[in-house]
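Chain residues, written in single-letter form:
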Amino acid sequence: MLIDSHAHLEMPEFKKDLEAVIHRAKKSGVEYIFTVGTEKKDWSRALEIALNHPAVYAILGVHPHNAKEVDDQTYPMLKGLCQNEKVKAYGEIGLDFFRNLSPRNIQLKRFREQIGFAKELSLPIVVHDRAAHRETLEVLKSEKAEDCGGIIHCFSGDYEMAVACMDMGFYISIPGSITFKSAESAREIIAKIPLESLLLETDAPFLTPEPFRGKRNEPSYVRYTAQKVAEIKRVSYEKVAEVTTENALRVYRLKL
Ligand SMILES: [Zn+2]
Ligand SMILES: [Zn+2]
C-alpha cells in the first residue's frame, strides 16, 4: 500500500479521465491521494473530488504564485472550506523565488500569515519552497512552525536544511524527479534522511518519474518513486511502502 501525499487532481489535465486516474491509482496499490487546491478557483473542486471519492482527501491554501490575489474574502472562504473533515492539511504555502509570479515581499507576508492561520485551524502545513531555502527556513523558525508541523513538499534543499526541518517535526516529501539521471545529488541527500521522515508524492500532473518522463504524471506513478527510494536506501519496496504510508497517516492524522 502506498500514499500519494501530494497531487493536483482538480487541475484541467485530469478533467477528461479523473475517474480512470483514480481507479488506476487504486489498482497500483495507492490507498489514498491528497489533492492540493492552490488557488480560489480550485478549492471547491478539490474538496468536491475528495467528498466524492473515499480514497481522496483535500489540502487547501494559497500557493506562493497566487499570494498577490489574497483579498478580504480569501481567509473567510478558506476557513469555511477547511472545517470539512476531508481537509487534512493547509497548503501549499511558502516561497517560489524561481518563478516569482507574486512579488517576493507579498509571498513572505502571505507565507507568515498562513502559518498562523493553519495553527488557528489546527492543521499541519504543506510547504512549497523553490529557490528560497534560506528564507523558507527563516520563516518556519520565526513563525514557530513546529507548533503545527507538516511537510516540506518536493524537497530540494540540502541535507542541513532537511535536518533543520526534521528538528521542527516536519516530514520531507520526495517527488518523481529523483528518478531522473540528473538527480544524483538529491539521491545522496535522501540516502541520509531516515525513512521515518520521508513521504512520497507525485505532484501530478507535474514531475513525471522515469520511465514516463515527458508525459502527464498521475498518482499511480508514485510506485516508481517508491522503487527508487528503496534502491537508494537499500531496503525492500515493501518496507518503503509500509513506512512512508505510516508517516503520511501520522502527519495527516488519519487512521487506517
Ligand atoms: Zn509546490
Ligand atoms: Zn503541488
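Everything in this summary refers to the structure shown in the same document. (Residues numbered from 1 in each chain as written. Chains lettered and ligands numbered in written order. Predicted model: local features only at pLDDT ≥ 70, side-chain atom pairs only at ≥ 80, totals over all residues. Heavy atoms only, no water.)

## Thoughts on the overall build of the chain
Counting its secondary structure elements, the chain contains 9 helices and 8 strands. The C-alpha atoms of the chain give 17 Å as radius of gyration, which agrees with the globular expectation for 256 residues (18 Å, within 12%). Along the first, second and third principal axes, the C-alpha atoms of the chain reach 50 × 40 × 35 Å. Counting every position in the chain, which comprises 256 residues, the buried fraction comes to 59%. In the form shown here, the chain has an accessible surface area of approximately 11,300 Å², with 51% of it arising from carbon and sulfur atoms. For the chain, the distance from the average position of its 36 positive side-chain charges to the average position of its 37 negative side-chain charges is 2 Å. (Helix = DSSP H or I, 4+ residues; strand = E, 2+ residues; numbered from the N terminus. Rg over C-alpha atoms; globule rule 2.2 N^0.38 Å. Buried < 20%, exposed > 50% of the residue type's maximum accessible area, 1.4 Å probe, protein only. Areas by Shrake-Rupley, 256 points an atom, 1.4 Å probe, with all protein chains shown as cover. Lys, Arg positive; Asp, Glu negative; His and termini not counted. Charge placed at Lys NZ, Arg CZ, Asp CG, Glu CD.)

## Examining the sheet that holds strand 8 (residues 198–200)
Strand order in this open sheet of 8 strands is 1-2-3-4-5-6-7-8, and the pairing throughout is parallel. In this open sheet, the two edge strands, each paired with only one partner strand, are strand 1 (2–7) and strand 8. Each adjacent strand pair in this sheet contributes to an overall mean axis angle of 30°, direction not counted. Note that strand 3 (residues 56–60) and strand 4 (residues 87–96) share 3 bridges and pair parallel. When the sheet's bridge partners are listed, L60 is paired in strand 4 with Y90. (Pairing = 2+ DSSP bridges. Axes fitted to C-alpha atoms, helices over the stretch in contact; angles between N-to-C directions.)

## Topic: the coordination of the zinc ion (ligand 2)
Surrounding the zinc ion (ligand 2) are the protein donor atoms H6 (NE2), H8 (NE2), E92 (OE) and D203 (OD), which sit 2.1 to 2.4 Å from the metal. What the 4 donor atoms of the zinc ion (ligand 2) show is an angle range of 82 to 179° at the metal, which sorts the shape as irregular. Along the chain, the residues donating to the zinc ion (ligand 2) fall in the pattern H-x1-H-x83-E-x110-D. Between the zinc ion (ligand 2) and the zinc ion (ligand 1), a separation of 3.5 Å is found, and both are coordinated by E92. One end of the pair, H8, is in the loop between strand 1 and helix 1 (18–27); the other, E92, is in strand 4, with 84 residues separating them in the sequence. In this structure, H8 and E92 share a single accessibility class: buried. (Donors = N, O, S within 2.8 Å, 3.2 Å for Na, K, Ca; no water. Tetrahedral: all angles 85-135°; square planar, octahedral: opposite > 155°, others 65-115°.)

## What to know about the layout of surface pockets
Roughly 920 Å³ of internal volume is contained in the largest pocket. What lines the largest pocket is a set of 35 residues, and nearest its centre among them are H128, R130, C154, D203 and L207. Breaking the lining of the largest pocket down by element, the ones donating at least two residues are helix 2 (40–52), strand 4, strand 5 (125–130) and helix 7 (184–192). With 4 residues, helix 7 is the largest single contributor of residues to the lining of the largest pocket. Partitioning the lining of the largest pocket into residue classes produces 15 nonpolar, 11 polar and 9 charged. (1 Å grid on protein atoms, 1.4 Å probe; cavity = no way out; pocket = protein on both sides within 12 Å on 5 of 7 lines; lining within 4 Å. Points joined across faces, edges and corners; volume = space filled by probe spheres on them. Nonpolar A, V, L, I, M, F, W, Y, C, P; charged D, E, K, R; others polar.)

## Observations concerning the nonpolar core
Grouped together as the largest cluster of nonpolar side chains are 70 residues, with contacts concentrated most on Y90, I125, L140 and I172. Residues within four places of L140 in sequence aside, it is in contact with F111, I115, I125, V127, A145, E146, I152, C165, M168 and F170. Core analysis: the next-biggest nonpolar cluster, separate from the first, contains 16 residues, Y32, V36, I151 and L249 among them. (Core = buried A, V, L, I, M, F, W, Y, C linked by side-chain atoms within 4.5 Å. Contact = heavy atoms within 4.5 Å.)

## A closer look at the pairing of strand 1
A large share of strand 1 lies buried, amounting to 6 of its 6 residues. Summarising the sheet, strand 1 and strand 2 (residues 30–37) pair through 4 bridges and their orientation is parallel. Each residue of the ladder has a partner; that of L2, found in strand 2, is V30. This β-α-β element, strand 1 to helix 1 to strand 2, shows right-handed connectivity. (Right-handed = clockwise from strand over helix to strand, strands pointing away.)

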